[in-house]
Amino acid sequence: GKNFYNCDIGVVITNRSYTTSAKELAKKNGIWLWDRTKIIELMKVANCREENTAISARSDESKLHKKEWDNKQQFEEYCVELLSERGFLWIFPPSEGKTNKINLVATKGLLNYAVRCEYCSCEVPEQVISETVQGRTECQCDCGIVIANNSFTTAAQELAKKERILLWDGQSFT
């Protein structure tokens, strides 16, 4: 298709990986091959950073307001609404037996997010972030989000930054 359209560069994008012969043929003909892994590689850091900025910027616009929840289940239901409001699609619990560290898996764009809904009466500790990182791996997700009704400890914030876990606390969605 590259010469047919009089282009200098051709790009093939697919959600599957390429065979060795396809890679060799593409290289010989100056065609870039991008599979899902390559796209995620290119977008992961930028998208996670962009998401952090976008969430802060949109916090005032949200139709959802902070409220009191009677139990963890109500808070998880609220988290589903919040994710939906923020443009996430395909929000569902992780596969049975996958992990007990992640409450939801959600998709936005090309990325899958492991979401931990943390309903607690104290600051969210670093351990929750560690468990989210582990759950993100177990669920084969690209990014992680911890949504909490409370704030995060300094250690939790530092680990989240290092591991590219997005933190949404009670102040992010008031």
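Quick caveat: nothing in here was measured; it's all calculated off a predicted structure.

Colleague: Could you give an account of the sheet that holds strand S7 (residues 165-168), naming the residues involved and the relevant values?
Modeller: The five strands are arranged S3-S4-S5-S6-S7 in an open sheet whose pairing can be described as mixed. Each edge of the sheet is formed by a strand with only one pairing partner; in this case those strands are strand S3 (89-92) and S7. Each neighbouring strand pair of the sheet contributes to a mean axis angle of 20°, computed without reference to strand direction. Across five bridges, the pairing between strand S4 (residues 104-108) and strand S5 (residues 111-118) is antiparallel. Bridging from a neighbouring strand, Val105 pairs with Ala114 of S5.

Colleague: Break down the state of the cysteines for me, with residues and values.
Modeller: Enumeration according to the criterion identifies zero disulfides in this entry. Unpaired in terms of disulfides, Cys117 finds its nearest cysteine sulfur in Cys79, a separation of 3.4 Å. Judged by relative accessible area, Cys117 falls into the buried class, the value being 0%. Of the cysteine sulfurs around Cys139, a residue in no disulfide, the closest is that of Cys141, at 5.2 Å.

Analysis parameters
- Residues numbered from 1 in each chain as written.
- Predicted model: local features only at pLDDT ≥ 70, side-chain atom pairs only at ≥ 80, totals over all residues.
- Heavy atoms only, no water.
- Pairing = 2+ DSSP bridges.
- Helix = DSSP H or I, 4+ residues; strand = E, 2+ residues; numbered from the N terminus.
- Axes fitted to C-alpha atoms, helices over the stretch in contact; angles between N-to-C directions.
- Disulfide = S-S within 2.5 Å.
- Buried < 20%, exposed > 50% of the residue type's maximum accessible area, 1.4 Å probe, protein only.

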